[in-house]
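Here's the letter readout for the chains.
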Amino acid sequence: MRLSLVLVLSFLAVPAHAKEWGDVRTPVPGPARVIGGPAAGCIAGAERLPPDGPGYQAVRVSRNRHWGHPATIAFVRDLGARAKAAGFADLYVGDVAQPRGGPMASLHGSHQNGLDADIWFNIDPKPALPAAAREDIAIVTLTTQDEPRIDPATWRDDHSRLLKLAAEDRRVDRILVHFAIKKHLCETLPAADRAWLRKLRPWRGHNEHFHVRLACPPDSADCVGQAAIPAGDGCDSTLDWWFLDAAERRKRDEEAQRAAPKVQTGPPRPKLPAQCAAILRAP
Ligand SMILES: [Zn+2]
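Residues numbered from 1 in each chain as written. Predicted model: local features only at pLDDT ≥ 70, side-chain atom pairs only at ≥ 80, totals over all residues. Heavy atoms only, no water.

**Student:** Just checking my understanding: could you explain the pattern of salt bridges for this structure?
**Tutor:** Pairing of side chains with opposite charge becomes possible as their charged atoms draw close. Here the structure, examined in full by the defined rule, presents 15 salt bridges. The salt bridge involving arginine 63 is made with aspartate 95; its shortest N-O contact spans 3.3 Å. A residue pair is termed long-range when its members are at least 10 positions apart, and arginine 63 in the loop between strand 5 (56–58) and strand 6 (67–68) and aspartate 95 in the loop between strand 7 (91–93) and strand 8 (116–120) qualify at 32 residues. One salt bridge connects aspartate 95 with arginine 65, and the closest N-O pair in it is separated by 3.0 Å. Linking aspartate 95 in the loop between strand 7 and strand 8 with arginine 65 in the loop between strand 5 and strand 6, this pair joins segments that are 30 residues apart in sequence. Both residues of the pair, aspartate 95 and arginine 65, belong to the buried class. A network of salt bridges, in which partner residues are shared, links Asp78, Arg82, Asp169 and Arg171. (Salt bridge = Lys/Arg side-chain N within 4 Å of Asp/Glu carboxyl O. Helix = DSSP H or I, 4+ residues; strand = E, 2+ residues; numbered from the N terminus. Buried < 20%, exposed > 50% of the residue type's maximum accessible area, 1.4 Å probe, protein only.)

Here it is, written out as structure tokens:
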């Protein structure tokens, strides 16, 4: 992990002894400015989510990863308050971003530009513990161990209500959830209540938390957003793809590539925007 960071830093022509993103304890002061995308970006003027607030408790605060664009922090606080008003117990808020964003040494490929936030699926009532006692918290997994399907022992309709609360916030661009969660919602919600599923994007992992990604805020001209989500609720063959075995997926991808070749065949190598070097170096 350290090696890959060194490679990124040397690519930016920063001396290898320069500080690493994870070592920076403070944001760059000044107006908020998002630079780059979720998987290759950074942020100036980040704000810190208070460890506790109405309707939420931040977890693993010692990691110092609860920094984000003010819109992200406002979104999380609003979601906590709205969930509380809707009768939910406190939400656990996982990682947002490092004080200046940038690549993390563990766990995430994204969360780099201060617009991503993880909300845990543990919606059980929680004791009011001090932040330091919330380093090792009970994890609730919504899918079964062996098969990609919802675990009826842990799934509750309240999970659907909570996801809807988050998805209906206009600041939210998309929400990543395990594909079995999306499938379950596609199969169980009435057609009249599926429009909000459009923002729910099927992904691997994300069965213990959902990952909210905000749209690029208007104050950040250098923010790189993702391609727009296709029209419709996504309860279609693009979702079924996730349930195919690996060989069948490869076959279908190759067929699709032959039918409509794309220039780009793999994910681009994440490259931090040049402005991020100055953000990392700033005192
Ligand atoms: Zn995440």
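**Student:** I tried to follow the nonpolar core on my own but got confused; where do I start?
**Tutor:** Buried together is how nonpolar side chains tend to be arranged in soluble globular proteins. By size, the foremost hydrophobic cluster in this structure holds 49 residues, and its most contacted members are Leu163, Ile175, Ile181, Leu185 and Phe210. Contributing elements (two or more residues each) for this core: strand 5, helix 2 (70–85), strand 7, strand 8, helix 3 (157–167), strand 9 (172–178), helix 4 (179–188) and strand 11 (209–214). Discounting chain neighbours no more than four positions away, the residues touching isoleucine 181 are Phe121, Leu142, Thr143, Ile150, Trp155, Leu163, His206 and Asn207. Ranked by size, the runner-up nonpolar core spans 11 residues in total, among them Trp21, Val28, Ala44 and Ala282. (Core = buried A, V, L, I, M, F, W, Y, C linked by side-chain atoms within 4.5 Å. Contact = heavy atoms within 4.5 Å.)

**Student:** Looking at this structure, how should I read the pairing of strand 10 (residues 200–203)?
**Tutor:** In regular strands, side chains alternate between the two faces of the sheet. Burial along strand 10 is one-sided: Leu200 and Pro202 are buried, and none of Arg201 and Trp203, which face the opposite way, are. As defined by bridge partners, strand 9 adjoins strand 10 across 4 bridges and the pair is classed as parallel. Of the residues in strand 10, the one forming a bridge with isoleucine 175 is leucine 200. Once the chain exits strand 9 it traverses helix 4 before rejoining the sheet at strand 10, and the crossover so formed is right-handed. (Pairing = 2+ DSSP bridges. Right-handed = clockwise from strand over helix to strand, strands pointing away.)

**Student:** What's the story with the coordination of the zinc ion in this structure? I'm lost.
**Tutor:** For a metal with four tetrahedral donors the ideal donor-metal-donor angle is 109.5 degrees, while six octahedral donors give ideal angles of 90 or 180 degrees. In this structure, His111 (NE2), Asp118 (OD), Asp118 (OD) and His211 (ND1) serve as the protein donors to the zinc ion, at separations of 2.0 to 2.7 Å. Of note, the donors binding the zinc ion are all from one chain and are spaced H-x6-D-x92-H. With histidine 111 in the loop between strand 7 and strand 8 and histidine 211 in strand 11, this residue pair connects regions lying 100 residues apart in the sequence. Judged by its relative accessible area of 0%, histidine 111 falls in the buried class. By relative accessible area, histidine 211 is classed as buried at 3%. (Donors = N, O, S within 2.8 Å, 3.2 Å for Na, K, Ca; no water.)

**Student:** Would you explain the environment of tyrosine 56 in this entry?
**Tutor:** Tracing the sequence through the fold places tyrosine 56 in strand 5. Linking tyrosine 56 and alanine 89, residues 33 residues apart in sequence, is a C-alpha distance of 8.2 Å. Here proline 50 takes part through its backbone oxygen, which lies 2.7 Å from a polar atom of the side chain of tyrosine 56. (Polar contact = N/O pair within 3.5 Å; in protein donor to acceptor, adjacent residues only side chain to side chain.)

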